[in-house]
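Chain and residue survey
Residue-level listing of the chains:
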Amino acid sequence: MLMRTDPFRELDRMAQELLGTQARPAAMPIDAFRRGDEFVVQLDLPGVSPDTIDLTVERNVLAVHAQREREISDDVELLIAERRHGTFGRQLFLGDTLDADRIVADYSDGVLTLRLLVREHAKPRRVEVTTGGPQSRSINATTSSDGREPVDATSS
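All figures in this text were calculated on a predicted structure; none of them were measured in a lab.

Comments concerning unusual backbone geometry
- Here the phi dihedral of Arg59 falls at roughly 55°; this positive angle occurs in a residue that is not glycine.
- On the secondary structure map, Arg59 appears in the loop between strand 3 (54-58) and strand 4 (61-68).
- With phi around 55°, Asp109 is a residue other than glycine that occupies positive phi space.
- Of note, Asp109 is situated in the loop between strand 6 (98-108) and strand 7 (111-118).
- We classify Asp109 as exposed; its relative accessible area is 78%.

Below, the structure is given as structure tokens:
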């Protein structure tokens, strides 16, 4: 027989189930990183049916909601219930540099992967600076990959 290490956790879970008082949706573990010209967000949603995943974008907020139901019939005596079920939710605040109109979402092996492209105006670009006058000079400035500070400045 399996022993519970925290008897109060089960009481809390039962109270939430009976009273329907889940204060807020359970959070989803998340990884987010930038790869080239896209941001990738991965959310763990094991056991969630793809039909229950809901993605919405309003202004600069991306909201993710999903639901996982317990698949146990009434004639079963539940001994341990530590796996979360119910509603899961997460909100991500998107910067102005991301294109919220072109989000690609893929759900595979319990992981929801979102790909957000960087807007064209936010990508690093080369700017050529010229000066007028009899001795015309051209200065080329190259920005770093994050577009913030100059890496190389040459004059000719």
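A look at the sheet that holds strand 7
- Spatially, the 4 strands line up as an open sheet ordered 1-2-7-6, and their pairing is antiparallel. With one partner strand each, in any of the chains shown, strand 1 (30-35) and strand 6 form the two edges of the open sheet. Looking at each pair of strands side by side, their axes are set apart by 20° on average, direction ignored.
- Two strands pair when backbone bridges link them, and strand 6 and strand 7 are joined in this way by 7 bridges, in the antiparallel orientation. Within strand 7, the position partnered with Leu98 by the bridge is Val118.

Examining the pattern of salt bridges
- Evaluated as defined, the whole model comprises 2 salt bridges.
- Here Asp99 ties to Arg102 by a salt bridge, and the two come within 2.8 Å at their closest N and O atoms.
- Residue classification places Asp99 among the buried positions, given a relative accessible area of 9%.
- Owing to a relative accessible area of 44%, Arg102 belongs among the partly exposed residues under this scheme.

Digging into the sheet that holds strand 3
- The sheet built from 3 strands is open, its strands ordered 3-4-5 with antiparallel pairing. For this open sheet the edge positions go to strand 3 and strand 5 (86-93), each flanked by a neighbour on one side alone. Along the sheet, successive strands turn relative to each other by an average axial angle of 15°, direction set aside.

Quick word on the confidence of the model for the protein
- Summary statistics for the protein give a mean pLDDT of 77 and a share of 67% for residues scoring 70 or more.
- Contacts for the low-pLDDT stretch residues 1-5, under 50 throughout, to residues beyond four places or in other chains number 5 contacts.
- When the criterion is pLDDT under 50, residues 149-156 qualifies, and its contacts beyond four places in sequence or with other chains add up to 19 contacts.

About the thresholds
Per-chain numbering applies: the sequence of each chain, read as written, is numbered from 1 onward. The predicted nature of this model means local features are confined to residues of pLDDT at least 70 and side-chain atom pairs, given and counted, to a pLDDT of 80 or more, with totals for whole chains, interfaces and linings taken over all residues. Only heavy atoms go into the side-chain values, all of them from the structure, while hydrogens and water stay out. Helix numbers and strand numbers start at the N terminus; a helix is a DSSP run of H or I with at least 4 residues, a strand a run of E with at least 2. Per-residue accessibility, obtained with a 1.4 Å probe over protein chains only, is compared with the maximum for each type, and a residue is labelled buried under 20%, exposed over 50%, and partly exposed between these values. The pairing criterion for strands is at least two bridges between them, as found by DSSP. For every element, the axis is a line fit to its C-alpha atoms; helices are fit only across the contacting stretch, and the angle between N-to-C directions ranges from 0 to 180 degrees. Salt bridges are defined as contacts in which a side-chain nitrogen from Lys or Arg sits within 4 Å of a carboxyl oxygen from Asp or Glu. One confidence number per residue, pLDDT, is output by the predictor and ranges from 0 to 100. In what follows, a contact means two residues having at least one pair of non-hydrogen atoms within 4.5 Å.

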